[in-house]
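# A structural walkthrough
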Amino acid sequence: MKILSLTANIEVYENVEELNHADATLMEAAKKSMEDAYAPYSKFKVGAALRLKNGKVIIGSNQENAAFPVTLCAERVAIFAAAAQYPNEAIEALAITAKSGSRLVDKPVTPCGSCRQVIHESEYRFKQPIRVILHGETGEVYVLETIKDILPLTFDANFL
Ligand code: THU
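Presented here is a report on the structure given in the accompanying data block. Predicted model only: the values in this text are computed from it and were never measured.

On to the site of the ligand. Taken together, Ser42, Phe44, Val46, Asn62, Glu64, Thr71, Cys73, Ala74, Glu75, Pro111 and Cys112 form the complete shell of residues around the ligand. At 2.7 Å from an oxygen atom of the ligand is found a side-chain nitrogen or oxygen belonging to glutamate 75. Within the backbone of cysteine 112, a nitrogen or oxygen atom sits 2.9 Å from an oxygen atom of the ligand. With the chains in place, 77% of the 370 Å² that the ligand exposes on its own is no longer accessible. Mapped by element, the contributors of at least two residues to the shell around the ligand are β2 (44-52) and α2 (74-85). Considering only residue class, the shell around the ligand consists of 6 nonpolar, 3 polar and 2 charged.

A few words on helix α3 (residues 113-126). Taking 1.5 Å per residue, 14 residues should reach 20 Å; α3 reaches 20 Å between its end C-alpha atoms and fits that length. For α3, the set of buried residues is Cys115, Arg116, Val118, Ile119, His120, Ser122 and Glu123. Immediately downstream of α3, the backbone of lysine 127 shows phi near 50°, a positive value.

With that settled, the discussion passes to the pairing of strand β6 (residues 141-144). Here strand β1 (residues 11-13) pairs with β6 via 3 bridges, running antiparallel. Across the sheet, the residue bridging to valine 12 is tyrosine 142, located in β6. As paired elements, strand β5 (residues 131-134) and β6 share 3 bridges and run antiparallel to each other. By the bridge assignment, isoleucine 133 is partnered in β6 with valine 143. Remark: 6 residues form the turn of the hairpin made by β5 and β6, two consecutive strands paired antiparallel; glycine 139 in that turn has positive phi of roughly 85°.

Scoring rules and cut-offs
Residues numbered from 1 in each chain as written. Predicted model: local features only at pLDDT ≥ 70, side-chain atom pairs only at ≥ 80, totals over all residues. Heavy atoms only, no water. Near = heavy atom within 4 Å. Polar contact = N/O pair within 3.5 Å; in protein donor to acceptor, adjacent residues only side chain to side chain. Areas by Shrake-Rupley, 256 points an atom, 1.4 Å probe, with all protein chains shown as cover. Helix = DSSP H or I, 4+ residues; strand = E, 2+ residues; numbered from the N terminus. Nonpolar A, V, L, I, M, F, W, Y, C, P; charged D, E, K, R; others polar. Expected span 1.5 Å × (residues − 1). Buried < 20%, exposed > 50% of the residue type's maximum accessible area, 1.4 Å probe, protein only. Pairing = 2+ DSSP bridges.

This is the structure:
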């Protein structure tokens, strides 16, 4: 028996002001998009904004439903919209943010497992890592060079 140790390299910035211009701009778009989330049930609003290789920015926000499981996360709304409109454009970067109706989100929001898998599918499809920028309402910002940092031992088409 041996132990397989997994490590992740996550850049931690003290606040959004520390981000470079491109990351800060994308996060701003995510925050704007968050305001339009349809989250009457959870009151947890999530915003996402991604930048394609052609420079276009596509936004997404969570879309809830009275039939709860039908809800779609902000990240997947943005990624699927981008894939539908620009099927041949790789995603360069994705910013995600959230705010809660009941408490201050003071640490970076991290994508759910299903969204991590979808983000990874896009990396796999275009053979290009996606820079992922994560923030709450205040506090630190996490930046990942690839979703693999928070989705180790990834399942992909190589297994099929
Ligand atoms: N949500 C997202 O939009 N993205 C995530 O990665 C996690 C969760 C949404 C789904 C639901 O509308 C609300 O947040 C509470 O789970």
